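Coordinate analysis (summary)
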Amino acid sequence: MEQTTNNSIDTTSKTLSIQVSLNGLSFCTIDSDQQVTAIEQDNFGIQLTPEQVLNKIKNTFDNNPLLKSNFEAIEVIYHNDLYTLIPKPLFNKDMVKHYLQYNVKVLENDFIVYDELDQHDIVSVYIPYANINNFFFDTFGSFTYKHAITILINSLLTQEKNSETTTVFVNINEKLFDLVIITKGKLILGNTYRFESKEDFLYYLLFTTEQANLNPEEFMLVFLGDVTKENECFKMAYKYIRKITFGNYSRELKISPGVKSFEPHQHFILLSHF
């Protein structure tokens with residue numbers, strides 16, 4: 001992994017959060033004072049299978065000294081496009097498989113679960129990686145898990161609750177990006193796209209905002225995640241969208257002196273739910 005911390009074992013760390021996708025892993029540890037004591041990221045460069053990702057996770061836990069602590073809580077965050085969003089008043093837990101079939105190829109033995117965003121009357125229905133869930137259960141006994149879109153939308157809606165404008169958020173994660181549109185504090189759209197090139201990214205961004213009847217001269221585009229001003233996606237969007245900026249957390253993070261600094265828009269999902 002690309003290490004962004006020192007190598008000392010912080011025995012005060014109480015919570016481990018690990019974000020899992022087929023393109024990479026990242027994790028952070030939080031101590032009892034809600035202070036970030038470690039954060040690391042590993043971009044694979046290619047898309048792996050769930051079995052290959054599990055091997056990566058096992059190797060990380062076997063060899064990274066930062067993961068040798070006895071954590072009081074462990075949370076796994078699944079970042080994939082195997083989900084759909086349902087308005088809570090229309091949600092029926094017995095219909096979860098049918099909700100997904102419109103957007104995702106669902107196999108007979110797929111394990112389907114859901115997260116509830118109670119404050120926003122939204123339910124995210126998704127497929128976690130069952131083999132990775134089994135590993136964490138066998139290794140730690142107790143852990144929780146959520147979908148990345150649950151955390152992202154919940155955080156952004158909280159930030160935008162008093163806004164009177166339209167904001168488009170893109171959260172970049174290697175070969176995936178999440179696109180969330182919020183107008184006057186209400187969710188208009190949340191979706192995740194796979195892309196191989198900056199042209200793919202621009203196509204999905206412009207097509208989606210056009211379908212939402214948004215004017216690229218008017219809305220604010222906010223970048224989150226694994227992106228800088230030198231990123232080709234950022235450069236491409238800068239040519240076509242008038243107002244662009246980087247996002248930030250809704251609260252001030254406490255960072256341990258041993259942790260290398262990072263930009264406020266990075267690791268947004270990983271750090272937003274604490």
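To start, this report covers the structure provided alongside it. (Residues numbered from 1 in each chain as written. Predicted model: local features only at pLDDT ≥ 70, side-chain atom pairs only at ≥ 80, totals over all residues. Heavy atoms only, no water.)

With respect to the side chain of N23
Note that N23 resides in the loop between strand 2 (13-20) and strand 3 (24-31). Among the residues examined, N23 registers a relative accessible area of 2% and is labelled buried. For N23, the contacting residues outside a window of four places in its chain are D42, N43, F44, G45, I46, Q47, E174, K175 and L176. (Helix = DSSP H or I, 4+ residues; strand = E, 2+ residues; numbered from the N terminus. Buried < 20%, exposed > 50% of the residue type's maximum accessible area, 1.4 Å probe, protein only. Contact = heavy atoms within 4.5 Å.)

Some remarks on the packing of aromatic side chains
Summed over all chains, the structure comprises 24 aromatic pairs. Their ring planes at 20° and their centres at 4.8 Å tell us that Y193 and Y204 sit as a pair that is stacked. In this pair, Y193 sits in strand 12 (residues 186-194) while Y204 sits in helix 5 (residues 198-211), placing the two residues 11 residues apart along the sequence. In textbook terms, an aromatic cluster arises when at least three aromatic residues are bridged by ring pairs, as seen for F177, Y193, F195, F201, Y203, Y204, F207, F223, F234, Y238 and F246. (Phe/Tyr/Trp six-rings, centres within 6.5 Å; stacked < 30°, edge-to-face > 60°.)

A look at the layout of surface pockets
In this structure, the largest pocket spans a volume of roughly 390 Å³. Along the walls of the largest pocket sit 23 residues, with Q41, G225, D226, Q266 and H267 positioned nearest its centre. Breaking the lining of the largest pocket down by element, the ones donating at least two residues are strand 2, strand 3, strand 4 (35-43), strand 10 (166-173) and helix 7 (268-272). Residue classes in the lining of the largest pocket are distributed as seven nonpolar, 13 polar and three charged. (1 Å grid on protein atoms, 1.4 Å probe; cavity = no way out; pocket = protein on both sides within 12 Å on 5 of 7 lines; lining within 4 Å. Points joined across faces, edges and corners; volume = space filled by probe spheres on them. Nonpolar A, V, L, I, M, F, W, Y, C, P; charged D, E, K, R; others polar.)

Observations regarding the environment of N92
The residue N92 is located in the loop between strand 6 (83-87) and helix 2 (96-101) in this model. Distance from N92 to L82, taken between C-alpha atoms, is 18 Å for residues 10 residues apart in sequence.

Some details on the pairing of strand 7 (residues 113-117)
On strand 7, burial follows the alternation: V113, D115 and L117 on one face are buried, whereas Y114 and E116 on the facing-out side are not. Pairing geometry for strand 7 and strand 8 (residues 122-126), over five bridges, is antiparallel. Considered in strand 8, the bridge of Y114 is made with V125. Hairpin connection, strand 7 to strand 8: the antiparallel pair is bridged by four residues, and D121 has positive phi, about 55°. (Pairing = 2+ DSSP bridges.)

Some points on the pattern of salt bridges
This structure, assessed with the given rule, holds nine salt bridges. Between K88 and D118 there is a salt bridge, with its nearest N and O atoms 2.7 Å apart. In this pair, K88 sits in the loop between strand 6 and helix 2 while D118 sits in the loop between strand 7 and strand 8, placing the two residues 30 residues apart along the sequence. A salt bridge links E108 to K97, with the nearest nitrogen and oxygen atoms 3.5 Å apart. Of this pair, E108 sits in the loop between helix 2 and strand 7 while K97 sits in helix 2, and the two are 11 residues apart along the sequence. Classification of E108 by relative accessible area gives exposed; the value is 71%. Connected via shared salt-bridge partners are K88, E116 and D118. (Salt bridge = Lys/Arg side-chain N within 4 Å of Asp/Glu carboxyl O.)

Re the packing of helix 1 (residues 50-63) against helix 3 (residues 130-140)
In contact at an axis separation of 9 Å, helix 1 and helix 3 are set at 30° when each is read in the N-to-C sense. As judged from the angle between their axes, helix 1 and helix 3 are roughly parallel. Contacts from P50, E51, V53, L54, I57, K58 and F61 in helix 1 reach N131, I132, F135, F136 and F140 in helix 3. Its residues placed into classes, the contact of helix 1 with helix 3 shows nine nonpolar, one polar and two charged. (Axes fitted to C-alpha atoms, helices over the stretch in contact; angles between N-to-C directions. Parallel < 35°, antiparallel > 145°, perpendicular 65-115°, else oblique.)

Remarks on the side chain of N133
Mapping N133 onto the fold places it in helix 3. Residue classification places N133 among the buried residues on the basis of a relative accessible area of 7%. When sequence neighbours within four positions are dropped, the list of residues in contact with N133 reads Y78, F111, P128, F143 and Y145.

Thoughts on the pairing of strand 8
For a regular strand, side chains alternate in direction, first toward one face of the sheet and then toward the other. Of all the five residues making up strand 8, five are buried; the element is thus mostly covered by neighbouring parts of the structure. Going residue by residue along strand 8, you find I122, S124 and Y126 tucked away on one face and V123 and V125 tucked away on the opposite face as well. Two elements, strand 6 and strand 8, share five bridges in a ladder whose sense is antiparallel. Each residue of the ladder has a partner; that of I86, found in strand 8, is V123.

Things to note about unusual backbone geometry
Phi angles above zero are rare outside glycine, and Q34 is one such case at about 60°. Along the polypeptide, Q34 turns up in the loop between strand 3 and strand 4. Positive phi, normally seen in glycine, also occurs at K184, with a value near 50°. Structurally, K184 can be placed in the loop between strand 11 (176-183) and strand 12. For K184, a relative accessible area of 52% puts it in the exposed group.

All we've got here are geometric facts, nothing functional implied.
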